[in-house]
Amino acid sequence: MAGRVEVVGAGIAGAACARALLVAGLSVTVRERGRAPGGRLAAPTLHGRRVDLGAAYFTVVDDLFAAVVADWQARSLVRPWTDSIEVAGGDAKPGPVRWAAPGGLRSLVRDLLSGTAVSFSDEAHSVSRPGVLAMPDPQAARMLATLPAHDWVDYEPTLAVALGFPRRCWPVANAAFVNDDPDIVLVADDGARRGDAAPVLVVHTTPVLARQHLESPDEAVPAVLGALERTLGVSATPGWTHVHRWTFAKPVATHGDAPYWLGDDLLGVCGDSWCPTGSPRVESAWLSGHRLGVELGARLRSLG
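Residues numbered from 1 in each chain as written. Predicted model: local features only at pLDDT ≥ 70, side-chain atom pairs only at ≥ 80, totals over all residues. Heavy atoms only, no water.

Thoughts on the packing of aromatic side chains
Counted by the stated rule, this structure contains eight aromatic pairs. Through a chain of ring-to-ring contacts, the aromatic side chains of F58, F65, W72, W99 and W286 assemble into a single cluster. Positioned above the aromatic ring of Y57 is the side chain of R98, whose terminal nitrogen or guanidinium carbon lies 5.6 Å from the ring centre. Of note, R299 hangs over the ring of W261, and the distance from its end group to the ring centre comes to 3.8 Å. (Phe/Tyr/Trp six-rings, centres within 6.5 Å; stacked < 30°, edge-to-face > 60°. Lys NZ or Arg CZ within 6 Å of the ring centre and 35° of its normal.)

Side note on the sheet that holds strand β8 (residues 131-134)
Strand pairing in a sheet relies on backbone hydrogen bonds. The paired strands run either parallel or antiparallel. Strand order in this open sheet of five strands is β7-β2-β1-β8-β14, and the pairing throughout is parallel. Of all the strands in the sheet, just β7 (117-119) and β14 (267-270) have a single pairing partner and so form its edges. Along the sheet, successive strands turn relative to each other by an average axial angle of 20°, direction set aside. Two strands pair when backbone bridges link them, and strand β2 (residues 28-31) and β7 are joined in this way by three bridges, in the parallel orientation. (Pairing = 2+ DSSP bridges. Helix = DSSP H or I, 4+ residues; strand = E, 2+ residues; numbered from the N terminus. Axes fitted to C-alpha atoms, helices over the stretch in contact; angles between N-to-C directions.)

Some remarks on the side chain of S107
The topology assignment puts S107 in helix α3 (residues 106-112). For S107, a relative accessible area of 17% corresponds to the buried category. Among the polar contacts made by the side chain of S107, one reaches the main-chain carbonyl oxygen of G104 at a distance of 2.6 Å. (Buried < 20%, exposed > 50% of the residue type's maximum accessible area, 1.4 Å probe, protein only. Polar contact = N/O pair within 3.5 Å; in protein donor to acceptor, adjacent residues only side chain to side chain.)

Comments concerning the nonpolar core
Counting 53 residues, the largest nonpolar core has I12, L21, F58, W72, L133 and W286 as the members making the most contacts within it. With 23 residues, the next largest nonpolar core counts V161, L209, A210 and V243 among its residues. (Core = buried A, V, L, I, M, F, W, Y, C linked by side-chain atoms within 4.5 Å.)

Thoughts on the packing of helix α1 (residues 12-23) against helix α8 (residues 282-302)
Two quantities define a packed helix pair, namely the angle between the axes and the distance from one axis to the other. At their nearest, the axes of α1 and α8 sit 7 Å apart, and the two run at 30° to each other. The angle between α1 and α8 places the two elements in the roughly parallel class. Between α1 and α8 lies a crossing whose hand is right-handed. In contact with I12, A13, A16, C17, A20 and L21 of α1, α8 contributes V282, A285, W286, G289, H290, L292, G293, V294, L296 and G297. Among the residues forming the contact of α1 with α8, the class breakdown is 12 nonpolar, four polar and no charged. (Parallel < 35°, antiparallel > 145°, perpendicular 65-115°, else oblique. Left-handed = near helix turned anticlockwise from the far one by under 90°. Contact = heavy atoms within 4.5 Å. Nonpolar A, V, L, I, M, F, W, Y, C, P; charged D, E, K, R; others polar.)

Section: the pairing of β2
For strand β1 (residues 5-8) and β2, the ladder comprises four bridges, and the chain directions are parallel. Residue pairing for β2: V8 is matched across the bridge by R31. Handedness of the crossover joining β1 and β2 through α1: right-handed. (Right-handed = clockwise from strand over helix to strand, strands pointing away.)

Some thoughts on helix α2 (residues 63-74)
The terminal C-alpha atoms of α2 lie 16 Å apart, and with 12 residues this matches the ideal 16 Å at 1.5 Å per residue to within 8%. If you check which residues of α2 are buried, you get F65, V68, V69 and W72. The buried residues of α2 all sit within an arc of 100° when viewed along its axis, so they share a single face. Exposed side of α2, more than 90 degrees from the buried face: D63 and A74 are the residues found there. Contacts from the buried residues of α2 go to β6 (93-100), α3 and α8. Sitting at the head of α2, D62 places a side-chain oxygen 2.7 Å from the backbone nitrogen of L64. Looking one or two places after α2, you find S76, whose phi comes out positive at around 60°. (Expected span 1.5 Å × (residues − 1). Arc of directions from axis to C-beta.)

Here is the structure:
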């Protein structure tokens, strides 16, 4: 059987891929340029508690992912959060159950990576074969510049702005979508989401506002506070703020049924843009990584 598989990227897609490869009996090393796993499921500790600054929640449709979520729920790693999200200036938007994690969504990636060798603060400029790139398309394209051009998709940026208040002072129970505002698109009550009632909001900005402040993210805070006041009537001054820049937050399209393989049969790519159906989401990133890991594992086993 082939030697160690290298997975570059410790987000949920890379972690799911690594888990599938381990289950297949392969040796795996995950390389991550950050200091912690999670990717766009980041949940740093701010003022004594975890705050979800990446994906706001996740939903479950696919049976494979549902089985993983059931195991997480049995071990109290996740909890159902809400099946209805308000719309600023409109009615609540019903939908599927949105799930959250008491320890922050990053804790789910840590769980998937259990038993895997992970090298942090390790910025890869190439990937060995057999190998996997688990990252947004623009980053993968830079690493694979020597390969034939591929039909990569673009990503939009966003800023995640965490706001800590002395007390809860907003009209939304869990979260609110904000439509047609030039500055913000989503407001999430992190205390409700995490289940500890902390007076913390996390606001996701529009791509337009994010592009204006990619070099100086903290300068976007006044625009975000102004948007909160005009859309939800929140006029209180936060006691603290923290801004996280996501240069590649969300793909503007998906690859549909495009193959995972680039260059040869032992180099694959996974992530939320590799989504055969539906819109990119946490579940599609997990499915992409899991399916790639299963297929790569089968290919390597066939080699002996």
